[in-house]
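Listed here are the chains, written in short residue letters.
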Amino acid sequence: MGAPSPAELKNLARNITALREEKSVPRGVGLGASGSEECPASSTRSPNIGITAQNGSQVAAVVLIGSTVHGDVNVTTGPGSTAEYKEFIVKAYETVEEYNSLPGEFIFLNERYVDLLMIQKHREVKERQQELCSKGQKLQKVLNSRDGDEYQRTSTHQLFSPDGRGCVPKAVLLQGNSGSGKSFTVQKILLDWSSGSLYPDQFDFVFHLKCKELNEEEDTSLEKHLLSCGIKPEHLTEVLRSPGRLLFLIDGFDELRLQSTPRPHFAIALLQRKKLPQCFLLVTTRSTATPALRRLLRSQHRFVEILGFSEKGVEEYFQKFFKDEKEALSRRALECVKANQNLFTACFIPVICWIICTYLRPRIQNGAELSGLETTTSIYVYFVSTLLEHHYQDLGHPVHSLLMSLGQLAEMGMLQQKVLFDETEVAGIEVPLMPMFLCKTPFRKRLHASPTFMVGFIHLSFQEFFTALYYVLLDEDESLRKIRELLQVTDHEKCDEAMGVSPVHGRNLNAQHLPVLCFLFGLCNNTVSSTDTETEPHQLSASPSIQTLLKTWILQVITERAQAHEGTVGEGVMFILHCLYELHEENFVRKAMDAWEEIHLGTTFLGTTDCCVLFYCLQCCKQIRNLNLGHCLGITIDKLRMLQPALCRCERLCLCLEELTDANVDDLILALGEGNDLRYFRQQRGVLSDQGLQLVLITLSKQRSVGVVGLLVRSISTETAVQLINTTQHTDITNL
């Protein structure tokens, strides 16, 4: 075949240009007037056929006649192609290092990553307050309500999907608090794209721009940066020739230095659409930097917020984290965390979930008992210590001043009973940018007003902890003054009144301050109240004078209750037990418990954490005289097993069990022991067989006395009826 004519070459060139245009704008999609999103085209395009030499391929001596290509076509994959770049990305992003990784240690991203709860809806202030104040099961219900169509739940696969009008956003703003998993999500996007499972037909190249690293680059040109990302110099022009097929992941905008320079950083130019205006952007940022980012973005964008893990996500993360351990051990670890309301609440924040798992792993590997875990205070000190250790270099302030500023804001919130603050309210407090503990929430005061932002802690429990820490870090005289005021305003009987229990001697306790007092007792334990950073060790324990003040106060509370022979009923007692547990000084706890003649918990619902606390305090007693759990709710067989070593030592016991069947009657027998006074026992659900009833009757016959007993039985044989009569005749049973 002869050489193509000039007309044929012109026709071929025209079709090559058309192919490139087709590659920039997806088929059937036209560019909107604003250039900010791609919407369905209003007219159809005639089919185009073309050949282009790209990424090192070769096209030689071709002739286009109609819709047929004639000639010698040699297509080869050259160095620097999309395939080679994807291979480079896989090697770079398939593994990640954790905070505590030693040199050479890494994990595979796909073996650890868990899908996050991401929504597109802006929540109202009341909704944010609900999330910040909820704990445990209640928080699960709140987050489950966010996991649906009402809040526009989304995923990484849907970030660049068409909206209801069929328009694809050119920019996505991915917001999340510190430790919510933004950077891990970006890495997962890169890895999934390079493996062909994400955006396979949408983007030819995806580039990762780490803002923290961009700050250190002397050459701020985009081209120089892309070369460092693995693009070959000879292919750079070709890559940039189709900007509509490029996605830039701008990771950590809040860390990008925005100072004005004669030559703005290329990342700023991308955001402002001054460079490659047709490219796609995904920008991650903490909520604290969202206002600055919105001012830079010159185009319409899709807003997506990461809330953290869902309940299912927490469970999946534990399974993946402990995959090398026995399944039963990893399940025990999750159950122990679920048992502690504060711990399980914190696990919805991915970085803290990692901290908790890291804390538990050596204990699991060493076969240590996990049921008791540590005090809530020790866990929060560990949180703060770990986060400061790995973020301290970014803060630029001494640790003490940072903690004091956070504490001052936290105290203001506790006194005003607020979890979110208008920025004008905190203007008088020098609160540094502490993204690992603080978040910003946008809201509108009026319908047509520009949004302003409210500041708050990542959860109410952190606000409570930092309030207690603030009192400890103040000068001693000021610290004692504030704690005395707290004890006067938050007196123990107000606890009873606030929780629906009658007060004693006219004293009252503000329930808002109960967790602060518990944290204060925890900070009196010197073994858990210290933290170190790379440059600055800091002791967080309470001074001896504070310890003396708190110990004197709680002994006085217990003594007054014992003398009154009332007011020892209800959740006020449980609060005192929690304070003793947080203190975790066995000798003092024994002294405090010995002052109690009777522990009556009233109609308290006993959670698993409460059972851990109760068991610890009872174990410290030389002698357990009188324990009344007869009206308590929620005592399951598992909780009965936790309490069993202490219950069998009770001289006088009242007990109400949620359910009793033949399968667990042995647990009841162990808990009741022998030679004690069983004043009251009742089962709420479950049915005993004739044989099961016989076993219970044998146990009752071994008690010194038995009061009221309520059992549910399916049927009674003649033999069991005789045994029942003999038991009532030979045992001091009031009512069976």
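From a predicted model like this one, the values you see are computed outputs, not experimental measurements.

Focus: the packing of aromatic side chains
And then number 1: Tallying each qualifying case throughout the model produces 31 aromatic pairs.
And then number 2: Arranged with centres 5.1 Å apart and planes meeting at 65°, the rings of Phe321 and Phe322 form a pair that is edge-to-face.
And then number 3: Cluster of aromatic residues (ring-pair linked, three or more members): Tyr380, Phe383, Phe437, Phe457, Phe462, Phe465, Phe466 and Phe519.
And then number 4: Above the face of the Trp193 ring, Lys86 is positioned so that its terminal group lies 5.0 Å from the ring centre.
And then number 5: Against the face of Tyr151 rests Lys121, its NZ or CZ located 4.4 Å from the ring centre.

Some words on the sheet that holds strand E8 (residues 153-154)
And then number 1: In space, the seven strands of this open sheet follow the order E8-E7-E14-E10-E13-E12-E11, with mixed pairing throughout. Lying at the two open borders of the sheet, with one neighbouring strand each, are E8 and strand E11 (205-210).

Topic: the layout of surface pockets
And then number 1: The space that makes up the second largest pocket amounts to roughly 1,300 Å³.
And then number 2: As for the second largest pocket, its lining consists of 38 residues, of which Lys135, Gln341, Asn342, His578 and Asp610 are closest to the centre.
And then number 3: Elements that contribute at least two residues to the lining of the second largest pocket include exactly helix H5 (136-146), helix H13 (327-339), helix H14 (341-346), helix H18 (460-473), helix H21 (514-523), helix H23 (571-583) and helix H25 (608-619).
And then number 4: If you tally residues by element for the lining of the second largest pocket, the top one is H23, at six residues.
And then number 5: When grouped by side-chain class, the residues that make up the lining of the second largest pocket number 16 nonpolar, 14 polar and eight charged.

Let's talk about the pattern of salt bridges
And then number 1: One pass over the full model with this rule turns up 23 salt bridges.
And then number 2: Across the pair Glu213 and Lys210 runs a salt bridge whose closest N-O atoms are separated by 3.8 Å.
And then number 3: The class of Glu213 is partly exposed, set by a relative accessible area of 47%.
And then number 4: Judged by relative accessible area, Lys210 falls into the partly exposed class, the value being 33%.
And then number 5: When the shortest N-O distance is used, the salt bridge between Glu585 and Lys551 registers 2.9 Å. Of this pair, Glu585 sits in the loop between H23 and helix H24 (586-594) while Lys551 is found in helix H22 (residues 544-564), placing the two residues 34 residues apart along the sequence.

Structural notes on the pairing of strand E17 (residues 452-457)
And then number 1: Among the six residues in E17, five count as buried, and that is most of the element.
And then number 2: Direction of pairing for strand E15 (residues 421-422) relative to E17: antiparallel, over a ladder of two bridges. Looking at E17, one finds that Asp422 is bridged to Met454.

Topic: H13
And then number 1: In this model, H13 (13 residues) spans 18 Å end to end at C-alpha, consistent with the 18 Å of a helix rising 1.5 Å per residue.
And then number 2: Residues of H13 that are buried include every one of Ser330, Ala333, Leu334, Cys336, Val337 and Ala339, and no others.
And then number 3: On its buried face, H13 sits against helix H12 (311-321), H14, helix H15 (350-365) and H25.

Definitions and limits used
Residues numbered from 1 in each chain as written. Predicted model: local features only at pLDDT ≥ 70, side-chain atom pairs only at ≥ 80, totals over all residues. Heavy atoms only, no water. Phe/Tyr/Trp six-rings, centres within 6.5 Å; stacked < 30°, edge-to-face > 60°. Lys NZ or Arg CZ within 6 Å of the ring centre and 35° of its normal. Pairing = 2+ DSSP bridges. Helix = DSSP H or I, 4+ residues; strand = E, 2+ residues; numbered from the N terminus. 1 Å grid on protein atoms, 1.4 Å probe; cavity = no way out; pocket = protein on both sides within 12 Å on 5 of 7 lines; lining within 4 Å. Points joined across faces, edges and corners; volume = space filled by probe spheres on them. Nonpolar A, V, L, I, M, F, W, Y, C, P; charged D, E, K, R; others polar. Salt bridge = Lys/Arg side-chain N within 4 Å of Asp/Glu carboxyl O. Buried < 20%, exposed > 50% of the residue type's maximum accessible area, 1.4 Å probe, protein only. Expected span 1.5 Å × (residues − 1). Contact = heavy atoms within 4.5 Å.

Take it as geometry only, folks, not as evidence of what the structure does.
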